[in-house]
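# Survey of secondary and tertiary structure
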Amino acid sequence: MTIPTWKPLADAKRLSTLDAIPPKWRIQEPVPPATELRDVTGYIQNFLNRHELEITELDAYAVAEKTTTGEWTALEVTEAFCHRAALAHQLVNCLHEVFFDAAIEDAKRFDAYFAEHKKPIGPLHGLPISLKDQFHVKGVETTMGYVGWIGTFQGLKDDPRNLVFESELVRELRALGAVLYCKTSVPATLMCGETINNIITYTTNPKNRLLACGGSSGGEGALIALKGSPGGFGTDIGGSVRIPAVFNGLYGIRPSSGRIPYEGAANSMDGQNTVLSVIGPIAATARSLQLLFKAVLSQEPWLHDPLALELPWRSEIEQETRQLVEQSAKDPAKLAFAIMKHDGVVVPHPPIARALEIVEQTLKRLGHKVVEWTPPSHTIANQLASAAYNLDGGADAAYHFGLSGEEAAPQLLGPKGIPQKTALEIAQINVAKREYQKLYMDYWNSTSDITGTGRPVDAVICPAAAHAAVIPTQYYHVGYTSFVNVLDYTSVVIPVTTVDKSVDVAQHRDFLGELDEKSYNSYDADVYDGAPAGVQMFGRRFQEEKMLVLAEYIGAAVRNG
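Just so it is clear, the structure is predicted and the values come from calculations on it, not from any experiment.

### Quick word on the overall build of the protein chain
- Counting its regular elements, the protein chain contains 19 helices and 15 strands.
- Overall size of the protein chain, expressed as C-alpha extent along the three principal axes, is 60 × 60 × 50 Å.
- The buried share among the 561 residues of the protein chain stands at 59%.
- Taking all contacts inside the protein chain whose residues are at least 6 apart in sequence as the whole, residues at least 24 apart take part in 81%.
- Put simply, the protein chain shows about 21600 Å² of open surface, and 53% of that area lies on carbon and sulfur atoms.
- A gap of 3 Å separates the mean positions of the 50 positive and 65 negative side-chain charges of the protein chain.

Right, here's the structure in full:
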């Protein structure tokens, strides 16, 4: 059998990541297969000492409290998270790039600064931050899962920017005092709810290694779930922050476009602006998301990214929302929520339906007004999203796969036989999107008649996917996340529960259509058992401050029962 010319290059790159892990951090014993050990979130603790566990079990907010006050050094924190990240990669294949040595040198410099000035560099001083492999970091490759990008700058050979260029977000994180130490795995093309490519092979779900970790920021989700990172940044054009967050039992935010700088990051279909990709953080807690989001905005990204909006963190909206939450303890009618149990296309699997029910009953127990969400047809949103993703007929993906001649995994196969859209056709899609956004806006406004607060609903809660994680190759419907991208709304994922095969039993029911039937019949309670099950909560455009406060409130209420 002839070995494809791209395979040795992919294999060498994969081995180089493993080789970059210090021998002292390599797992010597054979890791039990997924059929024997699904959940490795506890297993990883066997390889860490007491102080490393003390550090890495905290969320980003708590770690930053220690590092910015000098209670912990940046060095000891960085070494702990580098060790745990190295272990995480050996368990679920979640890293593309490892640069621990550079991170440790940065941590030493930050400690020297603190010793001399008696203050932190910034609000993220000494906090390790992981990055999806779309962000350029000096001295580190960016492959984005393409074999043809190895040794190049975004597929361009002999480009002087290779290994010296840095993305705007990277520059800002450094200025804030963050320690950058690894880049995480992605599916080639980025357009996939699983994480698979010919370099890293497949990234599995730490809570259930029979399932996917999500995509396209899947490595971020898996790494943070294993606490190999206290927080990191991914991107989202159709759900790529929210899907890994919900699949891994984490919080993640998809902000409206223009709030977090995208300047200088690699991307698929660069220049497509019908539905824009956005950057958002993923972390274990809502307060950690707020810390990261607020810190980035403090760098005034609108001065460095032409597409970033001059929209600083609005403390007045944060405080106004916190006051509403506090007042609702005495007068629950201060807040009103809507629940969308399904999108009219695909009904969620039993665990997701139960997660929604838990959230709904929690809100009702607290006395809040809860109404049913019956918006304009989400079929229209699905069609608009699909049109935007296929404007080039798959030309961008075909070009980048063609650089090496590599074969795409089945999950990554783009459109075939679909012609590229003309300028007139793109304009028509943009008009249709604007008209749909207006319909949705008008519907949202109309809910002021039924909330009893004098305002429209404060937020809407719905599934982030039809399933808890997903069985490989069985992600059939991305509509639960992509409609938010079409609307450019703010959306936050909230973890709720885990699948219980004895409770989450499939029921016989009438189907909404072939896609609904296909999706529902893919549910296997035994396989899904133990996987995280969460929801997403969305607000209108640029409501990040409000949604993060509400996510913290609802998440705590759900946890406390």
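Having seen the model, we can carry on.
### Some words on the packing of helix H3 (residues 60-69) against helix H9 (residues 286-297)
- At a minimum axis separation of 7 Å, H3 and H9 run at an interaxial angle of 55 degrees. The angle between the axes of H3 and H9 places the two elements in the oblique class. Residues Ala60, Tyr61, Ala62 and Ala64 of H3 form the contact with H9, whose own contacting residues are Arg287, Ser288 and Leu291.

### Describing the nonpolar core
- Residues Leu173, Phe233, Ile461 and Ile554 are the most contacted members of the largest nonpolar core, which totals 131 residues.
- Not counting residues up to four positions away in its chain, the partners in contact with Ile461 are Phe337, Ala338, Ile339, Met340, Leu356, Val359, Leu363, Val535, Gln536, Met537 and Ile554.
- One finds Leu384, Tyr389, Leu487 and Tyr489 within the second-largest nonpolar core, a separate group that totals 31 residues.

### As for helix H4 (residues 74-92)
- The end-to-end C-alpha separation of H4 is 26 Å, in line with the 27 Å expected for 19 residues at 1.5 Å each.
- Within H4, 15 of the 19 residues are buried, which leaves the element mostly enclosed by the surrounding structure.
- Trailing H4 by a residue or two, Asn93 shows a phi angle of about 60 degrees, which is positive.

### So, the packing of aromatic side chains
- Evaluated as defined, the whole model comprises 21 aromatic pairs.
- With a centroid separation of 6.1 Å and an interplanar angle of 50 degrees, the aromatic rings of Trp373 and Tyr440 are classed as tilted. Residue Trp373 is located in the loop between strand S12 (369-372) and helix H12 (378-389), and its partner Tyr440 is located in helix H14 (residues 423-446); the two are separated by 67 residues in the primary sequence.
- By relative accessible area, which is 3% here, Trp373 ends up buried.
- Looking at Tyr440, the relative accessible area reads 0%, which means it is buried.
- Seen from their ring centres, Tyr436 and Tyr440 are 5.8 Å apart, and the 55 degrees between their planes marks the pair as tilted. Remark: Tyr440 and Tyr436 occur in helix H14; sequence separation between them is four residues, near one turn of the helix.
- A connected cluster of aromatic rings, assembled from ring pairs, spans Trp373, Tyr436, Tyr440, Tyr443, Trp444, Phe483, Tyr489 and Phe538.
- A cation over a ring is seen here: Lys66 above Trp72, with NZ or CZ 5.2 Å from the ring centre.

### With respect to unusual backbone geometry
- For the bond running from Gly215 to Ser216, omega is 5 degrees, close enough to zero to count as cis.
- Note that Ser216 resides in the loop between strand S7 (208-212) and helix H7 (218-225).
- Not every positive phi belongs to a glycine, and Phe542 is a case in point at roughly 60 degrees.
- Residue position: Phe542 is located in the loop between strand S15 (532-539) and helix H19 (544-559).

### Quick look at the pairing of strand S11 (residues 336-339)
- Residues Ala336 and Ala338 point to one face of S11 and Phe337 and Ile339 to the other, with burial holding for every one of them.
- Pairing of S11 with S12, which is carried by four bridges, proceeds in the parallel orientation. Across the sheet, the residue bridging to Phe337 is Val370, located in S12.
- As for the winding sense of the linkage, the β-α-β connection from S11 through helix H11 (residues 350-365) to S12 is right-handed.
- As paired elements, S11 and strand S13 (residues 459-462) share three bridges and run parallel to each other. Within the sheet, the bridge partner assigned to Ala338 lies in S13 and is Val460.

### Brief notes about the sheet that holds strand S2 (residues 128-132)
- An order of S1-S3-S2-S8-S10-S9-S14-S15-S13-S11-S12 is seen for the eleven strands of this open sheet, with the pairing classed as mixed. A single partner strand is all that each edge strand has here, and the edge strands are strand S1 (95-98) and S12. For this sheet, the mean angle separating the axes of adjacent strands, direction not counted, is 25 degrees.
- Direction of pairing for S2 relative to strand S8 (residues 231-236): parallel, over a ladder of two bridges. Along S8, the bridge assignment pairs Leu131 with Phe233.
- Set on the sheet, H9 makes contact with S2, S8, strand S9 (251-254), strand S10 (278-283) and strand S14 (490-498); between it and S10 the angle comes to about 140 degrees.
- Those strands touched by H11 are S11, S12, S13, S14 and S15, and its axis lies near 55 degrees from that of S15.

### Notes on the pattern of salt bridges
- If you walk through the whole model with that rule in mind, you get 31 salt bridges.
- For Arg174, the salt bridge goes to Glu166, with nearest N and O atoms at 2.8 Å.
- The class for Arg174 is partly exposed, based on a relative accessible area of 27%.
- For Glu166, a relative accessible area of 23% corresponds to the partly exposed category.
- Of the charged contacts, one joins Glu544 and Arg259 as a salt bridge, the two residues approaching to 2.9 Å between their closest N and O atoms.

### Quick notes on the environment of Asp449
- Considering the arrangement of structural elements, one finds Asp449 in helix H15 (residues 448-451).
- Between the alpha carbons of Asp449 and Leu9 there is a distance of 61 Å; along the sequence they are 440 residues apart.

### With respect to helix H6 (residues 168-175)
- The complete set of buried residues in H6 reads Glu168, Leu169, Val170, Glu172 and Leu173.
- In this structure, the buried side of H6 is in contact with S2, strand S3 (179-184), S8, S10 and H9.
- Just downstream of H6 lies Gly177, where phi reads positive at about 95 degrees.

### Some points on the packing of helix H10 (residues 315-328) against H19
- Taken N-terminus to C-terminus, the directions of H10 and H19 make an angle of 35 degrees; their axes are 8 Å apart at the nearest point. Relative to H19, H10 is oriented so that their crossing is right-handed. Taken together, the residues of H19 that come into contact with H10 (itself represented by Ile317, Glu318, Thr321, Arg322, Val325 and Ser328) are Glu545, Lys546, Val549, Leu550, Glu552 and Tyr553.

### A closer look at the side chain of Thr67
- Mapped onto the fold, Thr67 is located in helix H3.
- The class for Thr67 is buried, based on a relative accessible area of 1%.
- Ignoring sequence-local partners within four residues, the contact set of Thr67 consists of Trp72, Thr73, Val77, Phe114, His125, Gly126 and Leu127.

### Quick notes on the environment of Asp19
- Turning to its location among the elements, Asp19 is positioned in helix H1 (residues 6-19).
- Using a relative accessible area of 54% as the deciding quantity, one classes Asp19 as exposed.
- Sequence-wise, Asp19 and Val186 are 167 residues apart; in three dimensions their C-alpha atoms are separated by 20 Å.

Definitions and cut-offs
Residues numbered from 1 in each chain as written. Predicted model: local features only at pLDDT ≥ 70, side-chain atom pairs only at ≥ 80, totals over all residues. Heavy atoms only, no water. Helix = DSSP H or I, 4+ residues; strand = E, 2+ residues; numbered from the N terminus. Buried < 20%, exposed > 50% of the residue type's maximum accessible area, 1.4 Å probe, protein only. Contact = heavy atoms within 4.5 Å. Areas by Shrake-Rupley, 256 points an atom, 1.4 Å probe, with all protein chains shown as cover. Lys, Arg positive; Asp, Glu negative; His and termini not counted. Charge placed at Lys NZ, Arg CZ, Asp CG, Glu CD. Axes fitted to C-alpha atoms, helices over the stretch in contact; angles between N-to-C directions. Parallel < 35°, antiparallel > 145°, perpendicular 65-115°, else oblique. Core = buried A, V, L, I, M, F, W, Y, C linked by side-chain atoms within 4.5 Å. Expected span 1.5 Å × (residues − 1). Phe/Tyr/Trp six-rings, centres within 6.5 Å; stacked < 30°, edge-to-face > 60°. Lys NZ or Arg CZ within 6 Å of the ring centre and 35° of its normal. Pairing = 2+ DSSP bridges. Right-handed = clockwise from strand over helix to strand, strands pointing away. Salt bridge = Lys/Arg side-chain N within 4 Å of Asp/Glu carboxyl O. Left-handed = near helix turned anticlockwise from the far one by under 90°.

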